[in-house]
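Fold and contact review
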Amino acid sequence: MGAVKEPRALQIFNTVGSSVNENPTPRRFTATAPLTGRLRVPGDKSISHRSVMLGAMAVGETRVTGLLEGEDVMATAAAMRAMGAHVEKTGAEWRIHGVGVGGLLQPDSALEMGNSGTSTRLLIGLIASHAITANFTGDASLSKRPMGRVIDPLSAMGATFTTSPGGTLPLMMTGAEPAVPISYQLPVASAQVKSAIMLAGLNTLGITTVIEPVPTRDHSERMLRGFGAQVDVGEEAGERVIRVHGQAELTPQRIEVPGDPSSAAFFMVAASLIEGSDLLIENVGLNPTRAGLVEVLREMGANIEETNAREVGGEPVADLRVRHAELRGIDVDPAVAPSMIDEFPVLFVAAALANGRTVTRGLDELRVKESDRLSAMATALTAAGARVEETADGLIIDGSGGEPLRGTIGAPVITHLDHRIAMSMAIAGLVTKEGVEIDDTRPIATSFPAFEALLDEAMT
Ligand code: S3P
């Protein structure tokens, strides 16, 4: 390992509300130096959202450390405040005074969700079993994303919805009290849909059941149990069956949020690709429902060592030492997709530099993320000189065998208000001759405000 640097403290940004800066902020990312030393990624986004929501549904004070202070989680915090909870930061700790299950208040104005699909879908679920009416609005990206996937099951529970054409935001909903418990088999592998139904089940008399043909991230199950709800998880006929016992009483908790593997992913790929890199990424959550990228990168030949394995906030965590390695193309098993669904954009960057062909399939869900990530990444990587073929449900990428890509010349890469496209193409820029220009770095603040600062520092 290169000269040992001290762990870098995360910078705290003003992340309340949408971007402070009104104008697009382009930047060219270019090859500079290997990534060395150590860094700590910010708190897990999924766990941060749930910490605020569940804290707001408990009676008493929940204390959270390591909360991700990105715009998405701040949108959740603002919404919970608008419905009666106190959510404040004191020193390094967030304190949440909850209203209790069934205690959400009617918000005075629209709930502004910004770019955050997780806030929107999970909050729609929470509100579905409360007798309140709420309006949801979001940015241009969120306003294109499908909400029918939560509206269908929650309508069956009794909630009513008026959406924009196409079942999108802006939408207005009225929750049902009492709501009716349902048994629902997920038609798409989606932790957001599963969680929305589970949260609606909290204030519903009886047992609400969700059946998952394919397991997705299980933070809601783990955390609801941690807060004292009765959640039974079993396997029946090869499917995961989750039963939430309704009218739960949640007890306040102390939560330490582990580092976000989806944020660590950018550094894992960068250190793997850039010769001479030897980077320690500390405190990375490695819940098996989230850690697919580590396995896939290893299958491609990456050198990722797990040290200091431990448990943080009820989740497995380790430090990851990542050293440069030559990567080879592989066929990515579609069964791993749910455990790395947010990491495909940066995996495509790794594939573009690998030796040989990488084939990905079964990724239809990527078309309905913050952007159509298959199309956005195919276009952006092609513009940077990679050889990419877009199929209906994946990308086929012929890697450069470690040769730097050309980079973008002329027009910048369009990130479509998608933080993960911006960060993935920033990493791509580090392995090009000319660099890659991103049209706008502001969306990065939705999930990882300190990304650029940490990247710049890891390369010095
Ligand atoms: C999330 C679930 C995933 C993921 C998103 C966060 C969650 O979405 O892409 O970033 O916290 O439950 P889907 O449920 O739509 O797959």
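In the nomenclature of an unreviewed UniProt entry, the chain is known as 3-phosphoshikimate 1-carboxyvinyltransferase of Tsuneonella suprasediminis. On record in UniProt, under Sequence similarities (unreviewed entry), the comment for the chain is "Belongs to the EPSP synthase family." Under the heading Subunit (unreviewed entry), UniProt records this for the chain: "Monomer."

The next subject is the site of the ligand. With respect to spatial proximity, the complete set of residues near the ligand consists of Lys45, Ser46, Arg50, Thr118, Arg121, Ser190, Ala191, Gln192, Arg217, Ile341, Asp342 and Lys369. Gln192 has a polar backbone atom sitting 2.8 Å from an oxygen atom of the ligand. Within the contact set of the ligand, an oxygen atom lies 2.7 Å away from a side-chain nitrogen or oxygen of Lys369. Contact with the protein chains covers 95% of the free accessible surface of the ligand, which is 390 Å². Secondary-structure elements contributing two or more residues to the shell around the ligand are α1 (45-57), α3 (117-128) and α5 (191-202). A per-element tally of the shell around the ligand places α1 first, with three residues. Across the shell around the ligand, the residue classes break down as two nonpolar, four polar and six charged.

It is worth spelling out unusual backbone geometry at this point. With an omega of -5°, the peptide bond between Leu169 and Pro170 qualifies as cis. Relative to the elements of secondary structure, Pro170 occurs in strand β9 (residues 168-174). Here the residue pair Glu177 and Pro178 is connected by a cis peptide bond, since its omega of 10° sits within 30 degrees of zero. Here Pro178 shows up in the loop between β9 and β10 (183-185). One non-glycine residue, Asn308, lies in positive phi territory at about 55°. In this structure, Asn308 sits in strand β16 (residues 303-312). Overall, Asn308 belongs to the partly exposed group, its relative accessible area being 47%. Look at Leu417: it is not a glycine, yet its phi comes out positive at around 60°. Counting through the fold element by element, Leu417 comes out in the loop between β20 (394-398) and α11 (419-429).

This part is about the UniProt feature "binding site: 3-phosphoshikimate" (unreviewed entry) in the chain. Under the feature "binding site: 3-phosphoshikimate" (unreviewed entry), the UniProt entry names Lys45, Ser46, Arg50, Ser190, Gln192, Asp342 and Lys369. Note that Ser46 resides in helix α1. Ignoring anything within four residues of it in the chain, the contact list for Gln192 reads Gly117, Thr118, Arg121 and Leu122. Side chain to side chain, Gln192 and Arg121 meet in a polar contact 2.5 Å long.

Moving on, we get to the environment of Val73. Looking at the secondary structure, you find Val73 in helix α2 (residues 71-82). Discounting residues that sit within four places of it in the chain, Val73 has contacts with Lys45, Ser48, His49, Val52, Leu67 and Leu68.

In the numbering used here, UniProt assigns the feature "active site" (unreviewed entry) to Asp342. With respect to the helices, strands and loops of the structure, Asp342 is situated in the loop between β17 (315-323) and α9 (344-353). On the accessibility criterion, Asp342 (12% relative accessible area) is buried. Sequence-distant contacts of Asp342, that is, excluding residues within four places in its chain, are made with Arg217, Ser262, Lys369, Arg373 and Arg420. Side-chain polar atoms of Asp342 contact the side chain of Arg217, separated by 3.4 Å.

Here we take up the side chain of Thr446. Residue position: Thr446 is located in the loop between β21 (436-438) and α12 (451-458). Thr446 gets classed as buried once you look at its relative accessible area, which sits at 3%. Among the polar contacts listed, one links the side chain of Thr446 to the backbone oxygen of Pro443, at a separation of 2.9 Å.

This part is about α2. With twelve residues, α2 should reach 16 Å at 1.5 Å per residue; the first-to-last C-alpha distance of 16 Å fits that figure. The buried fraction of α2 amounts to nine of the twelve residues, a majority that puts the element mostly inside the structure. When α2 is considered as a whole, its buried residues turn out to be Glu71, Asp72, Val73, Met74, Ala75, Thr76, Ala77, Ala79 and Met80. Considering only its buried residues, α2 is in contact with α1, β4 (86-90), β5 (93-99), β6 (111-112) and α3.

Turning to the packing of helix α10 (residues 373-383) against α11, a few remarks are in order. Between α10 and α11, the least distance of the axes is 11 Å, while the angle of their chain directions is 25°. Classified by the angle between their axes, α10 and α11 sit roughly parallel to one another. Relative to α11, α10 is oriented so that their crossing is right-handed. Here Arg373, Ala376, Met377, Ala380 and Leu381 of α10 come into contact with α11, specifically with His419, Arg420, Ile421, Ser424, Met425 and Ala428. For the contact of α10 with α11, the class distribution of residues is seven nonpolar, two polar and two charged.

Basis of the calculations
Residues numbered from 1 in each chain as written. Predicted model: local features only at pLDDT ≥ 70, side-chain atom pairs only at ≥ 80, totals over all residues. Heavy atoms only, no water. UniProt positions renumbered as here; feature names shortened; annotations may be inferred. Near = heavy atom within 4 Å. Polar contact = N/O pair within 3.5 Å; in protein donor to acceptor, adjacent residues only side chain to side chain. Areas by Shrake-Rupley, 256 points an atom, 1.4 Å probe, with all protein chains shown as cover. Helix = DSSP H or I, 4+ residues; strand = E, 2+ residues; numbered from the N terminus. Nonpolar A, V, L, I, M, F, W, Y, C, P; charged D, E, K, R; others polar. Buried < 20%, exposed > 50% of the residue type's maximum accessible area, 1.4 Å probe, protein only. Contact = heavy atoms within 4.5 Å. Expected span 1.5 Å × (residues − 1). Axes fitted to C-alpha atoms, helices over the stretch in contact; angles between N-to-C directions. Parallel < 35°, antiparallel > 145°, perpendicular 65-115°, else oblique. Left-handed = near helix turned anticlockwise from the far one by under 90°.

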